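Report on the structure
One-letter residues, chain by chain:
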Amino acid sequence: MSTAELKMMTLDCADVAAEATFWSQLLGWDVVAQEEEYAMLTGPGGAALGFGLVAGYEAPAWPNERGSKQFHFDLGCDDVDAAEARAVELGATLADPQPGETWRVLIDPAGHPFCLTAAANW
């Protein structure tokens, strides 16, 4: 039986350059393509993260009662406090409310929520 392998995920946004810069610096991944309407990063093992310009882009809400958030990244960190500080320095904001003690929810510059947690929890 043939199986599929996830190679890339692409996020919609209003500012491709800002998203590519933020995620490249936060993850330590290389920007391998960047144009006005699209950018792509590559990481370990060939994983890729893309950013596509969408006219009239509307960021998802947090918390999101309508369920329109659709997905978010969970990032394992050696030091959650340091990772949070770095993400905020790069342009993320701390979400309010927070879901508890083991996860830290932040919002990237385009409004996508993402979570930080201790890598040891994985």
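So, a few notes on the structure that sits alongside this text. (Residues numbered from 1 in each chain as written. Predicted model: local features only at pLDDT ≥ 70, side-chain atom pairs only at ≥ 80, totals over all residues. Heavy atoms only, no water.)

**Section: the pairing of strand 7 (residues 104-107)**
- Neither face of strand 7 is exposed, since Arg-104 and Leu-106 on one face and Val-105 and Ile-107 on the opposite face are all buried.
- Inspection of the sheet shows strand 6 (residues 93-94) paired to strand 7 by 2 bridges, in the antiparallel sense. Bridge pairing links Thr-93 to Ile-107 in strand 7.
- For strand 7 and strand 8 (residues 113-118), the ladder comprises 4 bridges, and the chain directions are antiparallel. Across the sheet, Arg-104 pairs through a bridge with Leu-116, a residue of strand 8.
- Between strand 7 and the antiparallel strand that follows it, strand 8, lie 5 residues; Gly-111 among them carries a positive phi value of about 100°. (Buried < 20%, exposed > 50% of the residue type's maximum accessible area, 1.4 Å probe, protein only. Helix = DSSP H or I, 4+ residues; strand = E, 2+ residues; numbered from the N terminus. Pairing = 2+ DSSP bridges.)

**Let's talk about the nonpolar core**
- One finds Phe-22, Trp-23, Leu-26, Leu-49, Phe-51, Phe-114 and Leu-116 to be the most contacted residues of the largest nonpolar core, which totals 25 residues.
- Listed by contribution, the elements that provide at least two residues to this core are strand 1 (8-13), helix 1 (16-27), strand 3 (38-42), strand 4 (48-53), strand 5 (73-77), helix 2 (80-90) and strand 8.
- Looking at this core element by element, the count peaks at 5 residues for helix 1.
- Those residues in contact with Trp-23, other than ones at most four positions away along the chain, are Leu-11, Gly-28, Leu-41, Leu-49, Phe-51, Phe-73, Leu-75, Asp-108 and Phe-114. (Core = buried A, V, L, I, M, F, W, Y, C linked by side-chain atoms within 4.5 Å. Contact = heavy atoms within 4.5 Å.)

**Digging into the pairing of strand 8**
- The buried fraction of strand 8 is high, at 5 of 6 residues.
- Across 5 bridges, strand 5 lies against strand 8 in parallel orientation. Within strand 8, the position partnered with Asp-74 by the bridge is Cys-115.

**A look at the sheet that holds strand 8**
- Within the open sheet, the 4 strands sit side by side as 5-8-7-6. Their pairing is mixed. Every interior strand has two partners, whereas the edge strands, strand 5 and strand 6, have only one.

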